[in-house]
Amino acid sequence: MVERANRPILIVGHKAAETGLGELIDYLIQFAKTSNVSVVATAHVVKEFIERGFHPAAWMPAMDIANRLRDPKWKGFDGKGQYDLALFIGLPYYMTWLILSGLKHFSSNLKTISLDRFYQPHASWSFPNISVEEWRKNLDTIENKLKK
Amino acid sequence: MPRLPKRDVHVKIDELKSELGTIKGLELSIGRLIERAIEEELGPTPFPSTTDLREWDFKLLKKYPPFYLPFCDLCCLCTFGKCDLSQGKRGACGLDMAAQQSRIVLLACCIGAATHTAHARHLVEHLIEEFGRDCPIDVGGLNVEVEAPVTRIVCGIKPKTLGDLEDALDYCETEVTHLLSATHTGQEGSNIDFESKVFHAGMVDQVGMEVADMAQISAYNFPKADPDAPLVDIGWGVVDAAKPVIMVIGHNVPPAVEIVDYLQENGLHDMVEVTGLCCTAIDATRYDPKAKIVGPISWQLRYIRSGIPDVVVVDEQCIRADSLNEAQKIKAPLIASSPKNCLGLPNRTRDPVDAIVADLISGRTLGVLILDPEKVGEVAAKTAILVAPKRKKFKAIPSVKNVIEGAKKCKKCYECRRACPNDLTIVEAVADAAKGNLNKLADLYDECVGCARCESACPQKLPLHSFIVKAAEKKMKDETYKIRAGRGAIQDIEIREVGGPIVLGEIPGVVAFVGCANYPKGGEEVAEMTMEFAKRRYIVLTSGCAAMSAAMYKNEEGKSPYEIYPGVFDAGGIVNVGSCVSNPHIAGAAIKIASIFARRKLFGNYEEIADYIHNRVGAVGVAWGAMSQKAASIASGFWRLGVPVIVGPHGSKYRRMLLGRKDRKEDWYVYDARTGDRVYTGPTPEHLFYAAETKEEAMVMIAKLSMRPNDTTRGRAIKLTHYIDLSRRLYGTMPDDIHLFVRTLADIPITMKDEITKILKKKRWKEGRIPDPTLLPRLIRKMEA
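Quantities reported herein were computed from a predicted structural model and do not represent experimental measurements. (Residues numbered from 1 in each chain as written. Chains lettered and ligands numbered in written order. Predicted model: local features only at pLDDT ≥ 70, side-chain atom pairs only at ≥ 80, totals over all residues.)

It is not clear to me how the overall build of chain A should be interpreted in this structure. Could you clarify?
Tallying secondary structure elements over chain A gives five helices and six strands in all. Along its sequence from the N terminus, chain A presents helices and strands in the succession β-α-β-α-β-α-β-α-β-β-α. Rg of the C-alpha trace for chain A: 14 Å, near the compact-globule value of 15 Å for 148 residues, within the 12% margin. Taking all 148 residues of chain A together, the buried fraction comes to 48%. In chain A, the share of contacts with a sequence separation of at least 24, taken over all contacts with a separation of at least 6, comes to 59%. (Helix = DSSP H or I, 4+ residues; strand = E, 2+ residues; numbered from the N terminus. Rg over C-alpha atoms; globule rule 2.2 N^0.38 Å. Buried ≥ 20, exposed ≤ 12 C-beta atoms within 10 Å, placed from the backbone. Contact = placed C-beta atoms within 7 Å.)

The structure is reproduced here in structure tokens:
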């Protein structure tokens, strides 16, 4: 789905800096560079990116980016048009649930992926409930595939 | 004179022939006339119907369109269903998903408004019975002339006695019934009209709450707009467990008042501890500063299971449905005192006190329903004294040994963590406990909301919440803080002094921390935010559970926030207005600014006052632990006044946000009331309702949402300084939207002039102007001329 997407966007919540995977932010920076995906940092996690010398396309509340993603007329952060794939990671589970549901109902052209390690039924694609170790392996697999 | 929508006389004559002539098709309605001192001209909408303020609502909803977040794809409210509303499908009744979600929001707000209004009705009826219909309304003596600002702008009346309050309640009950009926299948079909009705429910809710608090302040002589209301004890550790202890939970204070009265009248006041949770506790300390608050609503289970309470008295709202089961675990008799919460108990209201007490002490009955507050007072006091020596503080908290043994039974299925609203690492903590280390369990205490869903989910039936409580025992005993008793209204003189600086922006904002205790990371975040903004010389207000959480923090000198900051409504004050029903004093302060400072007329003049507040008063509500339907209706009361509300992340479960779009310039124009020109103001305030993910995000947003179109350049510079400073500290960067909030170069904080000027140049910023802002064309003075 990531490879097929023309306009992917990665939304990173504050829990990405609190997860059992110590260097998840570093991984996400690498992921963004490899897949050429725009990054939006929500809450205060922008600080983590900036400290690593990476400037996201934007930082804004999760509700704000979700609200823009449901607007077909929105031109994106670069003015080139609405995104067609949104990947979510690091938001509180229930917020992701509700946002994915909102987007499923009110943003019919958008595909969504949850990269968190708990199943999200409203995403177009989600991991099942998996352990931290399995999660790490799966994220590595995704990144390796994108590198090719 | 204002007319109540409730008509007392209705005459319809199809045809009448008499000697004088013939009358055909005559219909005559005579409303109830309410005497009103002519203080000022009555505005256009006294006792507004569900549609009278619809146009105002639509203006707000155009700026802040709803964004819906459905929990599921279905509607199952009628037998046509369940109906799948996904992918643009409509249900059997024709409703689509947007309308269904707004309908759910309306249902929540109707529940909230009905709850406050019913509470107010119950309270007013009781107080009239006790003190008489002519008992005067007095919420602040000579210091408060505008005694009922919300009731004035909504109903257009000035209640002078307890009896007068019934007129406002009649109105509230009528409106809630109309609103609830709109949610029936086959009624309202538009999501935007549902949203307008949500606003109406919130406005009605504010009236109901204001009535309740005015009544209890007046009759019970609570602190009357007193900035120096006494500091009272709060926290687990303040309870003297050596004495018989009565625990009151809920929101309706008369039973607690009667307990205090009985103890005082019988010389027992120092022999028995009166303790409580939630708003009944707050209001009990407004009546008797010796009463003690244990903590917010989330302390219920841990306090009962500790075995400290000898008698549990419940009244109404926010009480755990299993309170009777929990009380039984510690062998404490329970007294239910509200018709809204009877718990299946025998009604002993008409029985002699001593017979009830004997049954409770012997254990023949585990609890009773008593619908007479005076009798509750006597039964509770006598029972506590007699049962305490028998119970010997029997508790339902396991020993350390039992925690360790129990922890060894954990199968690491993670059901507890999945059930936990805050995703706490319970499994890991229990694993450590099995090895004898309870530290991780103790750490969970700070973020636990006390719901015990972990226990319900555990297939091993481990009492996990009790494990956490046991592990944190020492921490809990150290909970000894001070909270300023709820002061009620804001004095007119205080408004006179700060009205100008608030409207001009020189006091950077008024931030109200309200609502329940469903916090994402514990109540300490509320205390942190409260102190941060008091330190920055915002005016900080608190109420309900948030007021309690704000107190539960100590600085290095051992002082709580209410001891550090004054209780005055001024820059740098932390003002506890009181319980849930005291929230209208917060809205009332904003309304009084319009009246006292700007001399706007209040009576029946809702739209103009809301327009004034929305464009000029930099107020922001924060319900960090918003949980209940009441919290939803309280928020919606602020929305209709144009005041933005931030909720914590759990607030996303209200399923609808009202979000502005700062990137859509066309959304941010107002009329200049001087000229009629349409003027771009920038996104001020950017949102009307939104769930923040973290406290850091909330703090940055509070500073941003405090900006208003009317800010003077000096005021805007002050507000920008706070916004930028918080953003730099918490986000590690300058805000990326600073250019949207600079209207003229004089808005730029002087110390940041070079840096911001560069940003403006890069963004191709153009200088604007500061209007006399309004969204209402009828207020344009040039047109009038």
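Please explain the overall build of chain B as it appears in this structure.
Within chain B one finds 29 helices and 23 strands. Since a compact globule built from 785 residues should have a radius of gyration of about 28 Å, the 27 Å found for chain B is in line with a globular shape. Principal axes of the C-alpha set define a box for chain B whose edges measure 90 × 80 × 60 Å. Of all 785 residues assigned to chain B, the portion counted as buried reaches 57%.

Quick question: what am I supposed to make of the environment of S337 of chain B here?
Residues and elements named next belong to chain B. Checked against the element boundaries, S337 lands in the loop between β11 (334–336) and α10 (353–362). Here S337 falls in the buried class, since 30 other C-beta atoms lie within 10 Å of it. Taking the C-alpha atoms as reference points, S337 and T365, 28 residues apart in sequence, are found 16 Å from one another. Those residues in contact with S337, other than ones at most four positions away along the chain, are P255, V313, V314, D315, I370, L371, P373 and V376.

Explain the interface of chain B and chain A here, please?
Interface size is commonly expressed as the accessible surface area that is lost when the partners come together. At the interface, 28 residues of chain B touch 29 residues of chain A. Where the side of chain B that touches chain A is concerned, the elements lending two or more residues are β3 (66–68), β19 (656–659), β22 (687–691), α26 (695–705) and α27 (713–731) of chain B. When its residues are assigned to classes, the side of chain B that touches chain A shows 15 nonpolar, six polar and seven charged. (Nonpolar A, V, L, I, M, F, W, Y, C, P; charged D, E, K, R; others polar.)

Would you explain the sheet that holds β19 of chain B in this entry?
Paired through backbone hydrogen bonds, the strands of a sheet run either parallel or antiparallel to each other. Residue and element names in this part refer to chain B. On the basis of which strands lie adjacent, the open sheet formed by eight strands has the order β3-β19-β22-β18-β17-β14-β15-β16 and mixed pairing. The strands lining the two open edges of the sheet, one partner per strand, are β3 and β16 (574–578). Each adjacent strand pair in this sheet contributes to an overall mean axis angle of 25°, direction not counted. Strand direction decides the pairing type here: strand β15 (residues 539–543) and β16, joined by four bridges, are parallel. Paired with T542 across the two strands is N576, which belongs to β16. (Pairing = 2+ DSSP bridges. Axes fitted to C-alpha atoms, helices over the stretch in contact; angles between N-to-C directions.)

Got a minute to help me understand the confidence of the model for chain B in this structure?
Interpretation of this model should avoid reading the predicted coordinates in detail wherever pLDDT is low. Confidence in the prediction for chain B averages 95 pLDDT; 96% of positions are at 70 or higher. Here the prediction assigns the complex a pTM of 0.95, and the interface score ipTM is 0.97. (pLDDT = per-residue confidence, 0-100.)

Help me understand the nonpolar core in this model?
Inside soluble globular proteins, nonpolar side chains tend to come together where they are buried. Residues and elements named next belong to chain B. I246, V622 and I702 are the most contacted members of the largest nonpolar core, which has 301 residues in total. Ranked by residue count, the leading element in this core is helix α2 (residues 97–131), at 17 residues. With residues near it in sequence (within four places) discarded, I702 still touches V511, F533, V620, V622 and I646. (Core = buried A, V, L, I, M, F, W, Y, C linked by C-beta atoms within 7 Å.)

I tried to follow the environment of H650 of chain B on my own but got confused; where do I start?
Considering the arrangement of structural elements, one finds H650 of chain B in the loop between β18 (645–647) and β19. Apart from the residues within four sequence positions on either side, H650 of chain B is in contact with P421, N518 and P520 of chain B.

What is the right way to read the packing of α2 of chain B against helix α5 (residues 191–220) of chain B from this model?
Two numbers describe a pair of packed helices, the interaxial angle and the distance between the axes. All names here are of chain B. At a minimum axis separation of 8 Å, α2 and α5 run at an interaxial angle of 20°. Between α2 and α5, the crossing angle belongs to the class labelled roughly parallel. Here α2 and α5 pass one another in a crossing that is left-handed. Along the lines of polarity and charge, the residues of the contact of α2 with α5 split into 21 nonpolar, nine polar and four charged. (Parallel < 35°, antiparallel > 145°, perpendicular 65-115°, else oblique. Left-handed = near helix turned anticlockwise from the far one by under 90°.)

Looking at this structure, how should I read the sheet that holds strand β5 (residues 111–114) of chain A?
The six strands are arranged β3-β2-β1-β4-β5-β6 (chain A) in an open sheet whose pairing can be described as parallel. What marks the edges here is a single partner per strand, and that holds for β3 (58–59) and β6 (125–126) of chain A.

Sorry, what's going on with unusual backbone geometry here?
The bulk of non-glycine residues show a negative phi, and the bulk of peptide bonds are trans. Residues and elements named next belong to chain B. Between G81 and K82 the backbone carries a cis peptide bond, its omega angle lying at 15°. Tracing the backbone through its elements, the reader meets K82 in the loop between β4 (74–75) and β5 (83–84). Phi at A452 is positive, roughly 65°, even though this residue is not glycine. Residue position: A452 is located in the loop between α15 (439–444) and α16 (453–457).

Is there a simple way to explain the packing of helix α4 (residues 165–181) of chain B against α5 of chain B in this structure?
Residue and element names in this part refer to chain B. Here α4 crosses α5 at 150°, and the two axes come no closer than 10 Å. One way to sum up the angle between α4 and α5 is to call them roughly antiparallel. For the element pair α4 and α5, the recorded crossing hand is left-handed. Contacts between α4 and α5 involve L165, A168, L169, C172, E175, V176 and L179 from the first element and K197, H200, A201, V204, V207, G208, V211, M214 and A215 from the second. The class makeup of the residues in the contact of α4 with α5 is 12 nonpolar, two polar and two charged.

Quick question: what am I supposed to make of the environment of R133 of chain B here?
Residues and elements named next belong to chain B. Residue position: R133 is located in the loop between α2 and α3 (149–155). Judged by the 14 C-beta atoms lying within 10 Å of it, R133 is partly exposed. Along the backbone, R133 and V577 are 444 residues apart, and their C-alpha atoms lie at a distance of 26 Å. What R133 contacts, discounting residues up to four positions off in sequence, is I128, T161, L162 and G163.

Help me understand the pairing of strand β4 (residues 85–89) of chain A in this model?
Residues in a regular strand point their side chains to alternate faces of the sheet. Residue and element names in this part refer to chain A. The element β4 is largely enclosed, with a buried count of five among its five residues. The side-chain alternation of β4 yields two buried faces, one formed by L85, L87 and I89 and the other by A86 and F88. One ladder, built from five bridges, connects strand β1 (residues 8–12) with β4; its direction is parallel. By the bridge assignment, P8 is partnered in β4 with L85. Where β4 meets β5, four bridges bridge the pair, whose relative direction is parallel. Bridge pairing links A86 to T112 in β5. For the crossover that starts at β4, traverses helix α4 (residues 93–106) and ends in the parallel β5, the hand is right-handed. (Right-handed = clockwise from strand over helix to strand, strands pointing away.)

I would appreciate a short explanation of helix α3 (residues 62–69) of chain A in the present structure.
Counting along an α-helix, one turn takes 3.6 residues, and residues three or four places apart therefore face a common direction. Most of α3 of chain A is tucked away: eight of the eight residues are buried. For α3 of chain A, every residue scored as buried is listed here: A62, M63, D64, I65, A66, N67, R68 and L69 of chain A.

Quick question: what am I supposed to make of helix α6 (residues 254–265) of chain B here?
Residue and element names in this part refer to chain B. Counted at 1.5 Å a residue, the expected span for α6 with its 12 residues is 16 Å, and the 16 Å between its end C-alpha atoms agrees. Along α6, nine of the 12 residues are buried, which leaves the element largely enclosed by surrounding structure. For α6, the complete set of buried residues consists of P254, P255, A256, V257, E258, I259, V260, Y262 and L263. Phi turns positive one or two residues past the end of α6, at G267, with a value near 65°. (Expected span 1.5 Å × (residues − 1).)

What's the story with the pairing of strand β10 (residues 311–314) of chain B in this structure? I'm lost.
Residues and elements named next belong to chain B. Alternating positions in β10 separate into two faces, V311 and V313 on one and V312 and V314 on the other, with burial throughout. Summarising the sheet, strand β7 (residues 245–249) and β10 pair through four bridges and their orientation is parallel. Looking at the pairing, I246 lines up with V311 of β10. Following the backbone out of β10, through helix α9 (residues 323–329) and into the adjacent parallel β11, one traces a crossover that is right-handed.

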